[in-house]
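For reference, the chains in residue letters:
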Amino acid sequence: MQASKTQPINLPQSSMIDPFGRTIDYLRVSVTDRCDFRCVYCMAEDMTFLPKRDLLSLEELDRLCSVFIEKGVRRLRLTGGEPLVRKNIMHLIRQLSRHIRSGALEELTLTSNGSQLERFAGELADCGVRRINVSIDTLDPEKFQAITRWGKLDKVMRGIEAAEAAGLHVKINTVALKGFNEQEIPEMMRWAHGRGMDMTVIETMPMGEIDADRTDQYLPLSLLRASLEHDFTLTDIPFKTGGPARYVEVAETGGRLGFITPMTHNFCESCNRVRITCTGTLYMCLGQDDAADLREALRASEGNELLSSAIDEAIGRKPKGHDFVIDRRTRRPSVSRHMSVTGG
Ligand code: SAM
Ligand code: SF4
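Fair warning: this is a prediction, and the values are worked out from it, not measured in the lab. (Residues numbered from 1 in each chain as written. Chains lettered and ligands numbered in written order. Predicted model: local features only at pLDDT ≥ 70, side-chain atom pairs only at ≥ 80, totals over all residues. Heavy atoms only, no water.)

1. Things to note about the UniProt feature "binding site: GTP" (unreviewed entry) in the protein
With numbering matched to this structure, UniProt assigns "binding site: GTP" (unreviewed entry) to Arg 28, Arg 77, Thr 111, Lys 171, Arg 273, Val 274 and Arg 275. With respect to the helices and strands, Lys 171 occurs in strand 7 (residues 169-175). On the accessibility criterion, Lys 171 (9% relative accessible area) is buried. Filtering out sequence-adjacent residues up to four positions away, Lys 171 remains in contact with Ile 132, Asn 133, Val 134, Asp 198, Met 199, Thr 200 and Tyr 247. Structurally, Arg 275 can be placed in strand 12 (residues 273-276). (UniProt positions renumbered as here; feature names shortened; annotations may be inferred. Helix = DSSP H or I, 4+ residues; strand = E, 2+ residues; numbered from the N terminus. Buried < 20%, exposed > 50% of the residue type's maximum accessible area, 1.4 Å probe, protein only. Contact = heavy atoms within 4.5 Å.)

Here's what the structure looks like:
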């Protein structure tokens, strides 16, 4: 492994402001499109992944993230695919942790399926990671295997325990799936809140071809909320974690439940984020196809000027929002790339 050539960033922070006046200070980086699970709503079982030669190296990812931080990014989330299956990922996380130590970055965090967490939790905490999102859609081991196709719930549970032991705050992410886990969500919420973990439920988004019909899976969270309100007292609270979730406090459990509702309630007006893929493509919106190739700018020169202007030019094109649709007439996904490419 080569040492990173990039220097710590000590420059005064500037800011990126899009044409709608939104400050962009949150970057999500998909470090790999690969995964050790095959969740049915996310991937087809027989996925074709990018050739490894197309991926940015860890040094290039570090350089790219560092330029974004220099330009005003304060929160950085690594995702994928499964970020912890990328070879030598801890090398990148350790490099990026210098921005936490310098104060340039407020938060370095990950979204993970938890399968490798038992191995990496201690090192992540050591690198200044304080919070981690772990995705679990059911607490039933057989259903877990069915929904992830390849996952093992006990391994993920050991990962969560290791994360808690290392002092990481774990938030549980659950995709609400009609006929699969809608009845189980109250129990999952009691379990998460009982362990002091926040939980967020997410509507399925029409991204990428999968083997199933998305209309069979889609559960509007307005319906889920109404059904939870039969048994729980939900109070809207202004709590924010930098993402699009709207939170309620649940009187009966004393915990927080977040709703991410890209379908029923579009949250684009407060969007503060952009995403880069593992090949260096910058997507200004999760739900739109317009993108900028930063790999070319990255590789064109050793200095960062070209890259910085390519980023400015792309932010200048950030669209107002997405328009996802799931219905029986619209059979094609709204965007053709899978969530694992852009990073959830
Ligand atoms: N592998 C990691 C994980 O599962 O947490 C990180 C990547 S995954 C793409 C990030 C999040 O996106 C997960 O919580 C996953 O459940 C969610 N997700 C994947 N496909 C989705 C879709 N089509 N609609 C809504 N959420 C989706
Ligand atoms: Fe992998 Fe995460 Fe997609 Fe599941 S949701 S297949 S764990 S990337």
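2. Digging into helix 2 (residues 89-102)
With 14 residues, helix 2 ought to run about 20 Å at 1.5 Å a step, and its terminal C-alpha atoms sit 21 Å apart, in line with that. Three or more residues of helix 2 are buried, namely Ile 89, Met 90, Leu 92, Ile 93, Leu 96, Ser 97, Arg 98 and His 99. (Expected span 1.5 Å × (residues − 1).)

3. A look at the site of ligand 1
Residues in close proximity to ligand 1 total 19 residues, the closest being Tyr 41, Gly 81, Ser 135, Val 175 and Met 205. Measuring from an oxygen atom of ligand 1, one finds a side-chain N or O atom of Ser 135 at 2.5 Å. For ligand 1, the protein covers 95% of the area, taking 540 Å² as the surface of the free molecule. Looking at side-chain class alone, the shell around ligand 1 contains six nonpolar, 10 polar and three charged residues. (Near = heavy atom within 4 Å. Polar contact = N/O pair within 3.5 Å; in protein donor to acceptor, adjacent residues only side chain to side chain. Areas by Shrake-Rupley, 256 points an atom, 1.4 Å probe, with all protein chains shown as cover. Nonpolar A, V, L, I, M, F, W, Y, C, P; charged D, E, K, R; others polar.)

4. Focus on the pairing of strand 7
The two faces of the sheet receive side chains in turn, since in a regular strand these alternate between them. Among the seven residues that make up strand 7, six are buried, leaving the element largely enclosed by the rest of the structure. Note that strand 6 (residues 131-135) and strand 7 share five bridges and pair parallel. Considered in strand 7, the bridge of Ile 132 is made with Val 170. Here strand 7 pairs with strand 8 (residues 198-202) via five bridges, running parallel. For Val 175, the partnering residue across the bridge sits in strand 8 and is Ile 202. This β-α-β element, strand 7 to helix 6 (residues 185-194) to strand 8, shows right-handed connectivity. (Pairing = 2+ DSSP bridges. Right-handed = clockwise from strand over helix to strand, strands pointing away.)

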